[in-house]
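# A closer look at the structure
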Amino acid sequence: MSTLLRSNVFFSDRAYRALVKSPVEFVVGTHQLFGVTQIVPIELATLRQMGQVLFYPPNVKGWDGGAALAQQQTILTRENFANGVAQNPKVMDSATWIAPAMRTMDPHQVAMTLTDTMLAERRLAGRDRATGRLSRRQRTAALAQLSPENVDQRVRSAAYLTMAMPAYQLA
């Protein structure tokens, strides 16, 4: 068993982060990431919209996974949930891991912190692509020209954009 579990098959690019998170993994993982300790009733309805009612599987096999979790309505519900989390100032304040990067007022540093923490993306190309989308020095970039007046709103928007990326949907 030890040899099997240490096999490179488990850590290959094909296996690493290749499964779509179940709705519960998505919601609970997001709560853990941001340090949220309570689930509000609306989130149970959100899980239902994503196709997973806790403790009530559709049959003895349980819930379907994979592509069934990535349907258009499910992705839209996930993005709405992510936006609700990111736009809640209390939730963002509980994410102590982002505060040091926000104090720097450096868009690139904030974007790197978001992508490294939220995407767990250690492959440089993927992280750089996401960081570039968040910190590009243009008017359209999520984190362009941070200032004390806009840092909270811009970081919340960038956190939402990071959660909306396909890499965040994968377990």
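Here's what I pulled together on the structure shown here. Worth saying up front: this structure is predicted, and the values here are computed from it rather than measured. (Residues numbered from 1 in each chain as written. Predicted model: local features only at pLDDT ≥ 70, side-chain atom pairs only at ≥ 80, totals over all residues. Heavy atoms only, no water.)

Take the overall build of the protein chain next. Tallying secondary structure elements over the protein chain gives 9 helices and 0 strands in all. Mapped from its N terminus to its C terminus, the protein chain presents α and β elements in the order α-α-α-α-α-α-α-α-α. The burial tally for the protein chain puts 38% of its 171 residues in the buried class. Nonlocal contacts in the protein chain, meaning residues at least 24 apart in sequence, comprise 66% of its contacts between residues at least 6 apart. (Helix = DSSP H or I, 4+ residues; strand = E, 2+ residues; numbered from the N terminus. Buried < 20%, exposed > 50% of the residue type's maximum accessible area, 1.4 Å probe, protein only. Contact = heavy atoms within 4.5 Å.)

Another point: helix α9 (residues 151–164). Counted at 1.5 Å a residue, the expected span for α9 with its 14 residues is 20 Å, and the 20 Å between its end C-alpha atoms agrees. Every buried residue belonging to α9 is among V151, V155, R156, A158, A159, Y160, T162 and M163, and all of these are buried. (Expected span 1.5 Å × (residues − 1).)

Attention now goes to helix α3 (residues 41–49). For α3, the set of buried residues is E43, T46 and L47. Burial along α3 is one-sided: seen end-on, the buried residues are contained in an arc of 100°. Exposed residues on α3 whose side chains face more than 90 degrees from its buried face are P41, I42, R48 and Q49. Buried-residue contacts for α3 involve α2 (23–34) and α4 (72–86). (Arc of directions from axis to C-beta.)

Let us look at the packing of helix α7 (residues 107–119) against α9. The interhelical angle for the contact between α7 and α9, taken along N-to-C directions, is 40°, at an axis separation of 10 Å. Judged on the interaxial angle alone, α9 and α7 are oblique. By crossing handedness, the relation of α7 to α9 is classed as right-handed. Residues V110, L114, M118 and L119 of α7 lie in contact with α9, whose contacting residues are V155, A158, A159, T162 and M163. (Axes fitted to C-alpha atoms, helices over the stretch in contact; angles between N-to-C directions. Parallel < 35°, antiparallel > 145°, perpendicular 65-115°, else oblique. Left-handed = near helix turned anticlockwise from the far one by under 90°.)

This paragraph deals with the pattern of salt bridges. Under the defined criterion, the tally for this structure stands at 1 salt bridge. The closest approach of N and O atoms between K61 and D64, which form a salt bridge, is 2.6 Å. (Salt bridge = Lys/Arg side-chain N within 4 Å of Asp/Glu carboxyl O.)

It is worth spelling out the side chain of T162 at this point. Here T162 shows up in helix α9. By relative accessible area, which is 0% here, T162 ends up buried. A polar contact of 2.8 Å, which involves the side chain of T162, links it to the backbone oxygen of A158. (Polar contact = N/O pair within 3.5 Å; in protein donor to acceptor, adjacent residues only side chain to side chain.)

The contact between α2 and α4 brings their axes to 12 Å, and the two run at 15°. Of the possible angle classes, the one that applies to α2 and α4 is roughly parallel. Pair α2 / α4 crosses with right-handed handedness. For the pair formed by α2 and α4, the contact residues are P23, F26, V27, T30, H31 and F34 on the first element and R78, F81 and V85 on the second. Across the contact of α2 with α4, the residue classes break down as 6 nonpolar, 2 polar and 1 charged. (Nonpolar A, V, L, I, M, F, W, Y, C, P; charged D, E, K, R; others polar.)

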